[in-house]
Amino acid sequence: MTLKGSMKPAKKKKTQEPELEPLCCCEYIDRNGEKNHVAACLCDCQDLDESCERWIQCKSVQPETCERIVDTVSDRLRIPWLRGARKVNLSIVPPLIVLPVLLHVASWHFLLGVLVLISLPVLALWYYYLTHRRKERTLFFLSLGLFSLGYMYYVFLQEVVPRGRVGPTQLAVLTCGLLLVLLALYRAKKNPGYLRSPASNDSSLSNSQIEYPNRKGHEKTKGFSGADTSGSLSNRTGKDDLKGSSRMVAGSPTEVKEDWCAKCQLVRPARAWHCRLCGVCVRRMDHHCVCCVGESNHQAFILALLIFLLTSVYGITLTLDTICRGRSVFTALFYCPGVYTDYSSALSFTCVWYSVIITAGMAYIFLTQVINISYNVTEREVQQALRQKTGRRRLCGLIVDTGQYSRGFLRNWLQFSTLGTQVAQHPAEDIV
């Protein structure tokens, strides 16, 4: 009897834990939990077939059908990879196709160039406000920025360098500048200073405390380990606290407040904000553009902007000196006769103007960042001061001084240079 009883559990374990077959490089598990193959990406597209038929018949397509088509395409758009095909984000694809096509079209004629170069920033800004209003995370701008750098460098090597006006030293300097920009961007994409839940001080749990929004945009964050379903939190974190309570920091000359974040379930230290796109709170959050910029990566962000501006201006100068010889950079931008007679020169000139537009936008961002650092304010604090009308405007609104954290020009820059190196005096785990 004992032998039979001891044998039954062993049989159950074998049936309950079947071994899964490994996926080949072209196979994947789709959204329905079934094994699929990348070669079958065009099979069983009923929604797409019905939409095409209705479009041919000049009938309207329901929005729900369009959403299902987008979900199906995003699930089947994959590339072969080890241990299963990897999914490709749809927001990465448009810059890889649209940017080269539009720049080549713009090089056909001067008027086409003006039209394309005006429409590109307008479309980018429209997409920016559309995604931020819907609180969506997208890789479109990261893909656009990286591909713009790579494509401009490719055009420079293919169309400008063979003309013989660019020496090896100049090419090496430009290449080093491009590599430094990529390194600074890589550093800026790291942790900006996320606030972890005060469950423990163990560093091994720091990554598990943060969960980013899922596909539908619902934010998922882990709370206190001690706050169980029975309500073990103290009465001080009641409904009034969930709406945004705050407490004063003892001994602070500027009476800095620490606020409660109901979404992350923690007390935020001074100047920390909740990023609605990342779904977590960030120490000394400045803004969110391509990535979230906070206490730990603000210096890398500024360094990336500075290196990019220097590299871009240097590349523009070399290109204009090659295709518009004997003219200054400013004159060649607006008057370069005969540049559209040669397709190679026209493409280089179009890329120069595209680089000028991007550089002007980055220069404006860099200028506002330098001003904010000089007054020891973040972009998030500037926007809040403008809404609440608590900041002082200077130079036609370019400077907004809140007067709360400024300690003077030199001390402000000294504090910025030490961001991320000093331990916070009032950490988020200090909940009283």
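Residues numbered from 1 in each chain as written. Predicted model: local features only at pLDDT ≥ 70, side-chain atom pairs only at ≥ 80, totals over all residues. Heavy atoms only, no water.

**Points about the pattern of salt bridges**
Then step 1. A complete count under the given rule lists 3 salt bridges for this structure.
Then step 2. We note a salt bridge from Asp342 to Arg163, for which the minimum N-O separation is 3.4 Å. With Asp342 in the loop between α10 (329–334) and α11 (343–374) and Arg163 in the loop between α6 (140–160) and α7 (168–188), this pair connects stretches of sequence that are 179 residues apart.
Then step 3. For Asp342, a relative accessible area of 35% translates into the label partly exposed.
Then step 4. Given the relative accessible area of 30%, Arg163 is considered partly exposed.
Then step 5. The partner of Arg271 in a salt bridge is Glu381, and the shortest N-O contact between them spans 2.8 Å. Within this pair, whereas Arg271 is found in the loop between β7 (266–268) and β8 (273–275), its partner Glu381 is found in helix α12 (residues 379–388), the two being separated by 110 residues in sequence. (Salt bridge = Lys/Arg side-chain N within 4 Å of Asp/Glu carboxyl O. Helix = DSSP H or I, 4+ residues; strand = E, 2+ residues; numbered from the N terminus. Buried < 20%, exposed > 50% of the residue type's maximum accessible area, 1.4 Å probe, protein only.)

**Side note on the packing of helix α4 (residues 93–106) against α6**
Then step 1. In contact at an axis separation of 9 Å, α4 and α6 are set at 45 degrees when each is read in the N-to-C sense. One finds that α4 runs oblique with respect to α6. The two elements α4 and α6 meet at a crossing, and its hand is right-handed. Contact with α4, carried on its side by Pro94, Pro95, Leu96, Leu99, Pro100, Leu103 and His104, involves Phe140, Ser143, Leu144, Phe147, Ser148, Tyr151 and Met152 of α6 and no other residues of that element.
Then step 2. Of the residues in the contact of α4 with α6, the class split is 11 nonpolar, 3 polar and no charged. (Axes fitted to C-alpha atoms, helices over the stretch in contact; angles between N-to-C directions. Parallel < 35°, antiparallel > 145°, perpendicular 65-115°, else oblique. Left-handed = near helix turned anticlockwise from the far one by under 90°. Contact = heavy atoms within 4.5 Å. Nonpolar A, V, L, I, M, F, W, Y, C, P; charged D, E, K, R; others polar.)

**Notes on the state of the cysteines**
Then step 1. Under the defined criterion, the tally for this structure stands at 1 disulfide.
Then step 2. A sulfur-sulfur distance of 1.7 Å marks the disulfide that ties Cys324 to Cys336. Of note, the bridge from Cys324 to Cys336 carries an S-S torsion of about -100 degrees and is left-handed in sense. Of the two residues, Cys324 sits in the loop between α9 (298–323) and α10 while Cys336 sits in the loop between α10 and α11, which places them 12 residues apart along the sequence. (Disulfide = S-S within 2.5 Å.)

**Regarding α6**
Then step 1. Between its first and last C-alpha atoms α6 spans 28 Å; for 21 residues at 1.5 Å apiece the expected length is 30 Å, and the two agree.
Then step 2. Residues of α6 that are buried: Phe140, Phe141, Ser143, Leu144, Ser148, Leu149, Tyr151, Met152, Val155, Phe156 and Val160. (Expected span 1.5 Å × (residues − 1).)

**Focus on the packing of α11 against helix α13 (residues 409–417)**
Then step 1. Closest axis-to-axis distance for the α11/α13 pair is 8 Å, and the angle between their directions is 110 degrees. Taken together, α11 and α13 sit at an angle that is classed as roughly perpendicular. Within the contact between the two elements, α11 uses Val370, Ile373 and Ser374 and α13 uses Phe409, Asn412, Trp413 and Phe416.
Then step 2. For the contact of α11 with α13, the class distribution of residues is 5 nonpolar, 2 polar and no charged.

**Some thoughts on the confidence of the model for the chain**
Then step 1. Across the chain, the average pLDDT comes to 76, with 75% of residues at or above 70.
Then step 2. Counting contacts from residues 11–15, a segment whose pLDDT is below 50, to residues more than four positions away or on other chains yields 0 contacts. (pLDDT = per-residue confidence, 0-100.)

**A few points about the environment of Asn376**
Then step 1. Within the secondary structure layout, Asn376 lies in the loop between α11 and α12.
Then step 2. Residue Asn376 is classed as buried on the basis of its relative accessible area of 2%.
Then step 3. With 28 residues separating them along the chain, Asn376 and Gln404 place their C-alpha atoms 8.6 Å apart.
Then step 4. Looking at Asn376, its side chain comes within polar contact range of the side chain of Gln415, at 2.9 Å. (Polar contact = N/O pair within 3.5 Å; in protein donor to acceptor, adjacent residues only side chain to side chain.)

**Side note on the environment of Ile316**
Then step 1. Secondary-structure assignment places Ile316 in helix α9.
Then step 2. Separated by 32 residues in sequence, Ile316 and Ser348 have C-alpha atoms that sit 9.7 Å apart.
Then step 3. Among residues more than four places away in sequence, those in contact with Ile316 are Val352, Ser355, Val356 and Thr359.

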